[in-house]
Amino acid sequence: MTAQLNARGDVAVVVPAAGAGVRLGPGAPKALRLLDGEPLLVHAVRRAAAAPSVRVIVVAAPAAEVESVRVLLAPIAPVTVVAGGAERQDSVAAALDVVPDDVGIVLVHDAARCLAPADLFESVAAAVRDGADAVIPALPVVDTIKQVATDGTVLGTVDRSVLRAVQTPQGFRLPVLRAAHAAAADLHTDDAGAVEKLGRPVVCVPGSDFALKITRPLDLALATHLLTLA
Ligand SMILES: Nc1ccn([C@@H]2O[C@H](COP(=O)(O)OP(=O)(O)OP(=O)(O)O)[C@@H](O)[C@H]2O)c(=O)n1
Ligand SMILES: C[C@](O)(CO)[C@H](O)COP(=O)(O)O
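The rules behind each value
Residues numbered from 1 in each chain as written. Chains lettered and ligands numbered in written order. Predicted model: local features only at pLDDT ≥ 70, side-chain atom pairs only at ≥ 80, totals over all residues. UniProt positions renumbered as here; feature names shortened; annotations may be inferred. Near = placed C-beta within 6 Å. Nonpolar A, V, L, I, M, F, W, Y, C, P; charged D, E, K, R; others polar. pLDDT = per-residue confidence, 0-100. Helix = DSSP H or I, 4+ residues; strand = E, 2+ residues; numbered from the N terminus. Buried ≥ 20, exposed ≤ 12 C-beta atoms within 10 Å, placed from the backbone. Pairing = 2+ DSSP bridges. Right-handed = clockwise from strand over helix to strand, strands pointing away.

- Looking at an unreviewed UniProt entry, the protein carries the name 2-C-methyl-D-erythritol 4-phosphate cytidylyltransferase, with the source organism given as Actinoplanes utahensis.
- What the UniProt record of the protein gives under Pathway (unreviewed entry) is the line "Isoprenoid biosynthesis; isopentenyl diphosphate biosynthesis via DXP pathway; isopentenyl diphosphate from 1-deoxy-D-xylulose 5-phosphate: step 2/6."
- Here the protein is described in UniProt, under the heading Function (unreviewed entry), as follows: "Catalyzes the formation of 4-diphosphocytidyl-2-C-methyl-D-erythritol from CTP and 2-C-methyl-D-erythritol 4-phosphate (MEP)."

The structure is reproduced here in structure tokens:
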């Protein structure tokens with residue numbers, strides 16, 4: 001059944017889904033690879049559409065797959081599909097371009113984090129609604145972290161208590177994210193990085209183990225197991 005988005009919602013979700021998935025190994029673009037018989041992108045969009053505040057979803061698909069992704073997602077939720085770019089940042093920018101100006105909050109969410117639950121979208125959006133410019137879900141780092149030279153020599157142990165592993169969806173007031181992308185001179189690995197460059201505050205909310213990023217083959221196996229727990 002096609003999800004109905006909330007016409008009175010204040011949130012747009014931008015889904016970068018145009019990556020190749022090189023680290024996952026040879027095959028289709030990562031967002032179109034299957035998890036429990038469905039493309040990662042379908043899992044991701046279904047969960048985004050289930051978040052009650054979401055009014056708009058824009059997906060940046062591989063340029064050659066725009067039409068097939070439209071067809072794929074039509075039964076899942078009303079979604080706008082645009083062509084992504086060479087880098088994740090380009091894909092986010094392309095999707096951001098078609099987000100309506102009257103949406104107050106934009107969440108940027110990797111298709112690769114396809115099991116992020118609807119309540120994570122809501123908690124990030126709520127923190128933006130409460131006044132933050134930029135909000136990121138984050139988890140504590142559980143391993144000991146070393147700084148290492150290129151020859152493998154350990155240079156030191158980093159204080160992990162001040163470190164966080166950062167996920168998506170990342171939430172922003174729409175004008176803040178637009179300004180950050182317009183000003184971005186360098187590539188950033190996440191959107192909050194571009195906002196940090198503007199000198200604007202970015203705050204963390206608790207992340208979710210279900211929001212793991214499918215990057216390597218082991219992650220697909222983990223996600224398959226997580227699906228049995230959700
Ligand atoms: N040019 C790109 C590159 C990445 N992404 C998206 O950004 C998210 C996070 O990227 P990552 O997990 O690194 O995906 P890939 O770039 O596909 O992975 P790899 O680096 O292994 O090729 C993914 O949903 C991916 O589809 C994108 O929209 N456009
Ligand atoms: C945006 C992100 O998922 C936050 O952790 C991450 O930075 C994407 O990184 P990647 O190198 O594109 O996988």
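Concerning the site of ligand 1
Stage number 1. Taken together, 22 residues form the shell around ligand 1, and within it Pro16, Gly19, Val22, Arg23 and Ser91 come nearest.
Stage number 2. Of the residues that constitute the shell around ligand 1, the class distribution is 10 nonpolar, six polar and six charged.

Side note on the confidence of the model for the protein
Stage number 1. A residue-level look at the protein finds 100% of positions with pLDDT of 70 or above and a mean pLDDT of 97.
Stage number 2. The complex prediction reports pTM at 0.97, with the ipTM value standing at 0.98.

Some words on the environment of proline 206
Stage number 1. Tracing the backbone through its elements, the reader meets proline 206 in strand 12 (residues 203-206).
Stage number 2. Judged by the 10 C-beta atoms lying within 10 Å of it, proline 206 falls in the exposed class.
Stage number 3. Note: C-alpha distance between proline 206 and valine 106 (100 residues apart in sequence) is 18 Å.

Considerations on the pairing of strand 4 (residues 54-61)
Stage number 1. With seven of eight residues buried, strand 4 lies mostly within the body of the structure.
Stage number 2. Both strand 1 (residues 11-16) and strand 4 contribute to a ladder of six bridges, which runs parallel. Across the sheet, the residue bridging to valine 13 is isoleucine 57, located in strand 4.
Stage number 3. Pairing analysis gives four bridges linking strand 4 to strand 5 (residues 80-83), with the strands arranged parallel. Residue pairing across strands places alanine 60 opposite valine 82, the latter belonging to strand 5.
Stage number 4. This β-α-β element, strand 4 to helix 2 (residues 66-73) to strand 5, shows right-handed connectivity.

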